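What follows is the residue order along each chain.
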Amino acid sequence: MSFPAVADQMALIGRGVEKIVPEEELAAKLEQSRKTNSPLRVKYGIDPTGIDVHLGHTVPLRKMRQFQELGHQAVIIIGNYTALVGDPSGRDETRARLTQEQVEANAKDYLEQVGKVVDLSRAEVVRNGDWFAEMSFSDVLDLCGKVTVAQLLTRDDFSKRYKSEQPIFLHECLYPVMQAWDSVKIRADVELGGTEQLYSFMLARDLQKDVNLPPQVSVMSPILVGTDGTRRMGKSLGNYIGISEPPYEMMKKFMQLPDDCMQMYYDLLTEIPLDEISALLAGHPKTAKLTLGKTVIGQYHGAQAAEESAARWEREISQGELNADIPVAKIAAADLQDGKLPAARLMVCAGLCNSTSDARRAINQGGAYIGEDKQRLDDPNALIEVTSGMLLRVGKKRICRVQIDG
RNA sequence: GGGGGAAUUCCCGAGCGGUCAAAGGGGCCAGACUGUAAAUCUGGUGGCUCAGCCUUCGCAGGUUCGAAUCCUGCUUCCCCCA
């Protein structure tokens, strides 16, 4: 196997990367790998704490894929032990701890999703429980003896918490140490992750040097912002686009992105050459956004599905045509009085509103419509003649067709 | 072991005996505007048989004509000193 020229590799690796530290060392490692014809070992660790892999996760994963394409060895670490601690990164509070069983179930699910980005057939997958489970308490003490508290406290999340008098638990302090130790165990040359991982990545270098291993290089991706355009994409913030979501759902979320985010999304989530991206962004923002959505959705669902989701979005949202499959709401004939129902009640029975109060509000604010021609309702108490096939709407998103039951 | 503080509606957070369904912000919902958005503006955001009524302020009691506000006990959490 032969590796591409170092400069070419560096160019590819450098795209959409916030920082490579130390950059010269990466070049040197690539040089060395070419000379000895041996691949670099590229580490990426994930804690199986949740289930939905979203686009934010794919940023380093895609980077890993690129390394694979260049001929390097991907090493994925399933943090089944670190997951028991919970990553304190960017959190101002302690994470809920997971049980062993939850972690196992999540791990399996995770790999399935990760496989959509990384070529698992060519990757090494290891669990850090393999080595942590076997450590004795004295081994742990040895490991702890390599890191000082002052060092730990330089870590941003810890010092923030410390200053604001939030609790920091002892086991949380071990998290970065464990993560760093993983690098030693798998002899990582390169570690991938977000910029918030800098601390652990640097700690890994220290530990590697301590056992006479060449220290790893950190390749850190910027943090992808979520659909709100400001905060990092994350499950708990509800601003994520999951890679397992149906194409149309993904498309709707893409189109809701603030325009400013497009550059970042293009850089980090697509292979499109930079000059083409500039051209797209210079054009109509709507087209640019549709193209972005199609490109990314295509990576997970195929080009055709992506194309269809875009067409559907144009039809339904942009031109306001009716959804092809409007959900049917059954209403029991017994609930009707003379085939009629007060407007507010009707919306609740159809499941479009949570409570009559909710429905009244919607109607009073002019957000409730009825019929094919979108007639606006204005009186919550008005008696509506209910017929099967009748179209009901609340706002832009809630819609259903009535079916009288019984 | 000792001392101090806190628990409020989806979240943060004001309220400290009546004028409290409870300020303000965030989020969310609806309307206007638009290229979908974002931004902006407007309104809304416990429930109901809705100009009225009912249930909410950690839990359980108590004081009072009247309590989110005072007292007692409990639970949970935080901080500080040892």
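Calculation notes
- Residues numbered from 1 in each chain as written.
- Chains lettered and ligands numbered in written order.
- Predicted model: local features only at pLDDT ≥ 70, side-chain atom pairs only at ≥ 80, totals over all residues.
- Heavy atoms only, no water.
- Helix = DSSP H or I, 4+ residues; strand = E, 2+ residues; numbered from the N terminus.
- Buried < 20%, exposed > 50% of the residue type's maximum accessible area, 1.4 Å probe, protein only.
- Areas by Shrake-Rupley, 256 points an atom, 1.4 Å probe, with all protein chains shown as cover.
- Lys, Arg positive; Asp, Glu negative; His and termini not counted.
- Charge placed at Lys NZ, Arg CZ, Asp CG, Glu CD.
- Patch = residues over 30% accessible without salt bridge, like charges linked within 9 Å, V, L, I, M, F, W, Y side chains within 5 Å.
- Salt bridge = Lys/Arg side-chain N within 4 Å of Asp/Glu carboxyl O.
- Axes fitted to C-alpha atoms, helices over the stretch in contact; angles between N-to-C directions.
- Parallel < 35°, antiparallel > 145°, perpendicular 65-115°, else oblique.
- Left-handed = near helix turned anticlockwise from the far one by under 90°.
- Contact = heavy atoms within 4.5 Å.
- Phe/Tyr/Trp six-rings, centres within 6.5 Å; stacked < 30°, edge-to-face > 60°.
- Lys NZ or Arg CZ within 6 Å of the ring centre and 35° of its normal.
- Pairing = 2+ DSSP bridges.

What follows concerns the overall build of chain A. On a plain count of helices and strands, chain A comes out with 18 helices and 13 strands. For chain A, with 406 residues in total, the buried portion stands at 47%. Approximately 19,800 Å² of chain A is accessible, and the part contributed by carbon and sulfur atoms is 50%. On chain A, the mean spot of the 48 positive side-chain charges and the mean spot of the 56 negative ones are 2 Å from each other.

A cluster of basic side chains, namely K374, R376, K396 and K397, defines a positive patch on the protein surface. K397 sits in the exposed class, given a relative accessible area of 74%.

Our focus in this paragraph is the packing of helix α10 (residues 170–186) against helix α11 (residues 198–210). The geometry of α10 relative to α11 is characterised by a closest axis approach of 8 Å and an angle of 50° between their N-to-C directions. Considered as vectors, α10 and α11 are oriented oblique to each other. Considering the relative orientation of α10 and α11, their crossing is right-handed. Where α10 approaches α11, its residues P176, V177, Q179, A180, W181, S183 and V184 are matched on the opposing element by Y199, S200, F201, L203, A204, L207 and Q208.

This paragraph deals with the packing of aromatic side chains. The full count for this structure, using the stated rule, is three aromatic pairs. Judged by centre distance (6.4 Å) and plane angle (20°), the rings of Y81 and F132 are stacked. Separated by 51 residues along the polypeptide, Y81 in the loop between β3 (73–78) and α4 (82–85) and F132 in helix α6 (residues 129–132) bring together distant segments of the chain. You can call F132 buried: its relative accessible area is 8%. Ring geometry for F254 versus Y265: centroids 6.3 Å apart, planes at 80°, classification edge-to-face. Taken together, the positions of F254 in helix α12 (residues 247–255) and Y265 in helix α13 (residues 262–269) put the pair 11 residues apart, joining distant regions of the chain. The exposure classification of F254 matches that of Y265, with both residues buried. Linked through ring pairs, Y81, W131 and F132 together constitute an aromatic cluster. It is R312 that lies over the ring of Y248; its NZ or CZ is 3.7 Å from the centre.

Below, the discussion takes up the sheet that holds strand β12 (residues 391–394). Read across the open sheet, the five strands follow the order β7-β13-β12-β9-β10; overall the sheet is mixed. Single-partner strands in this sheet number two, and they are β7 (328–332) and β10 (375–376). With two bridges joining them, strand β9 (residues 368–370) and β10 adopt antiparallel strand pairing. Across the sheet, residue Y369 finds its bridge partner in β10, namely R376.

Without other data, these values stay purely geometric and don't point to any function.
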